[in-house]
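# Structure at a glance
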Amino acid sequence: MVKIENIEQTLKCENNFSKYSDVKSILVRDSRVNFSPKLCVVVPTFKRPSTLKMTIDSILNQEKFSDFLLIICDNNPERNDETEKYINTVTDPRVKYYKNAENIGLFGNWNRIFELSETELTVIIHDDDYMFPNYLNVVYNIMSNDNAVDALYAKPYQWNENDEMPPNPVLYKKNHYTKLTDADLFGNPFAPTGLIIKKSKMIELGGFNPDLYPASDYFFNVNAVDKINVYYTEEKLYVYRWSVNAYTKLETLLQYPKFDIQIWKYICRKIGFPKLFTDLMMFKQKTYFLETVKMYHPDYEIKNMQKDMNYHKNIALLFLGKIFMLFWVIYRKFTQYRNRTVIYVN
């Protein structure tokens with residue numbers, strides 16, 4: 001993990017694609033199509049054949065839109081593993097499958113999958129998430145009819161598969177999309193899955209910086225909103241699967257405050273928050289970090305984390321923070337409603 005001394009300097013675009021340029025992606029299976037695809041759906045994967053199957057099925061069974069390629073990049077260099085065996089059973093000619101010659105890390109593989117995309121419009125979805133049947137039809141219509149949109153996030157349905165049944169996509173319909181601003185980025189609510197973006201813009205932004213793990217995606221979002229036109233639609237078009245993974249490991253959770261608190265301060269400065277509001281936001285974020293660690297690791301001595309973050313429990317500040325956040329949410333809903341953009345047709 002790198003030490004952030006100047007966040008403005010850290011947010012400058014750099015070519016993260018070149019960091020693993022010496023590692024080849026080997027084409028294991030080529031597509032067999034006789035049309036020019038309108039977009040590519042790209043799926044980075046690593047040792048998740050069981051969830052990958054649901055992801056691929058959801059992509060190949062899209063409704064009202066079929067002119068696409070599905071490109072999978074496997075970060076496990078081992079040949080004839082369970083993932084490769086599964087891919088070999090998929091008969092759809094739109095599927096293209098690569099294996100990296102070496103493991104280039106989570107964010108390295110995210111960058112590589114964009115390099116492998118063969119179209120300007122590129123959709124990324126992770127290997128444990130899946131699309132609702134109307135996803136591609138909706139996002140393609142927006143991107144192809146509004147050239148001002150460089151990237152578009154769809155709102156996910158948050159699914160904990162241990163607690164509930166898979167969601168029904170028919171229940172979730174919205175009819176607008178809105179441009180993201182700095183004020184939308186508190187808490188990094190937009191994971192880079194279920195995202196459609198112009199490949200040229202991704203290259204321009206430099207991709208994801210693996211040196212900023214585990215907050216590389218957060219830095220990417222802040223950079224993207226600052227430099228290109230990023231929108232989101234509140235229609236729930238895909239499922240984000242919650243599970244215990246690398247992001248919930250103790251050593252990972254303890255790293256988040258070192259990055260996220262600096263990003264929150266940066267956003268507060270850009271918005272122009274008074275010091276009191278900034279302090280309230282920082283207190284809220286620190287409280288959230290502590291509660292998250294306690295939830296996943298109840299035996300951890302939380303005082304160590306409180307000391308590292310210079311956190312002092314303050315009932316009055318906690319109360320003021322909740323009141324402020326209530327007004328902030330109401331204000332953001334109002335401005336989002338006022339600034340919502342074009343109505344689209346499903």
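Preceding this paragraph is the structure being described.
Residues numbered from 1 in each chain as written. Predicted model: local features only at pLDDT ≥ 70, side-chain atom pairs only at ≥ 80, totals over all residues. Heavy atoms only, no water.

The subject of this paragraph is the overall build of the protein. Looking only at helices and strands, one finds 12 helices and 10 strands in the protein. Across the 346 residues in the protein, those meeting the buried criterion constitute 53%. Considering only residue pairs separated by 6 or more positions, the protein has 85% of its internal contacts joining residues 24 or more positions apart. Summed over all atoms, the accessible surface of the protein reaches about 16,800 Å², with 53% contributed by carbon and sulfur. (Helix = DSSP H or I, 4+ residues; strand = E, 2+ residues; numbered from the N terminus. Buried < 20%, exposed > 50% of the residue type's maximum accessible area, 1.4 Å probe, protein only. Contact = heavy atoms within 4.5 Å. Areas by Shrake-Rupley, 256 points an atom, 1.4 Å probe, with all protein chains shown as cover.)

So, about unusual backbone geometry. Residue tyrosine 213 is joined to proline 214 through a cis peptide bond whose omega torsion reads 5 degrees. With respect to the helices and strands, the residue proline 214 is situated in the loop between helix 6 (199-205) and helix 7 (216-227). Within the chain, lysine 47 stands out as a residue other than glycine whose phi angle is a positive 55 degrees. Here lysine 47 shows up in the loop between strand 2 (39-45) and helix 2 (49-60). For lysine 47, a relative accessible area of 51% puts it in the exposed group. In this structure, lysine 64 takes a positive phi of about 65 degrees despite not being glycine. When you line up the elements, lysine 64 lands in the loop between helix 2 and strand 3 (68-74).

Before going further, it helps to spend a moment on the environment of alanine 154. Along the chain, alanine 154 falls in strand 7 (residues 151-160). We classify alanine 154 as buried; its relative accessible area is 4%. Through-space distance from the C-alpha of alanine 154 to that of tyrosine 232 is 5.5 Å; in sequence the pair is 78 residues apart. Ignoring sequence-local partners within four residues, the contact set of alanine 154 consists of Tyr135, Gly194, Thr233, Glu235, Leu237 and Tyr238.

Inspection of every chain in the model, using the stated rule, returns 21 salt bridges. Here the residues in one salt-bridge network are Asp182, Asp226, Lys227 and Lys270, joined through shared partners. (Salt bridge = Lys/Arg side-chain N within 4 Å of Asp/Glu carboxyl O.)

Turning to the packing of aromatic side chains, a few remarks are in order. Tallied over the full model, the rule gives 16 aromatic pairs. Measuring from centroid to centroid gives 6.4 Å for phenylalanine 65 and phenylalanine 68, while their planes differ by 10 degrees, and the two rings are stacked. On the accessibility criterion, phenylalanine 65 (7% relative accessible area) is buried. Residues tyrosine 153 and phenylalanine 190 carry aromatic rings whose centres are separated by 5.3 Å and whose planes lie at 35 degrees to one another, so their mutual orientation is tilted. (Phe/Tyr/Trp six-rings, centres within 6.5 Å; stacked < 30°, edge-to-face > 60°.)

It is the contact of helix 7 with helix 9 (residues 256-271), at a shortest axis distance of 11 Å, that shows an interaxial angle of 15 degrees. Relative to helix 9, the element helix 7 is oriented roughly parallel. Considering how the two elements wind past one another, helix 7 and helix 9 form a crossing that is left-handed. Contact residues: helix 7 offers Tyr218, Phe219, Val222 and Asp226, while helix 9 offers Phe259, Asp260, Ile263, Trp264, Tyr266, Ile267 and Lys270. Residues that form the contact of helix 7 with helix 9 fall into these classes: 8 nonpolar, no polar and 3 charged. (Axes fitted to C-alpha atoms, helices over the stretch in contact; angles between N-to-C directions. Parallel < 35°, antiparallel > 145°, perpendicular 65-115°, else oblique. Left-handed = near helix turned anticlockwise from the far one by under 90°. Nonpolar A, V, L, I, M, F, W, Y, C, P; charged D, E, K, R; others polar.)

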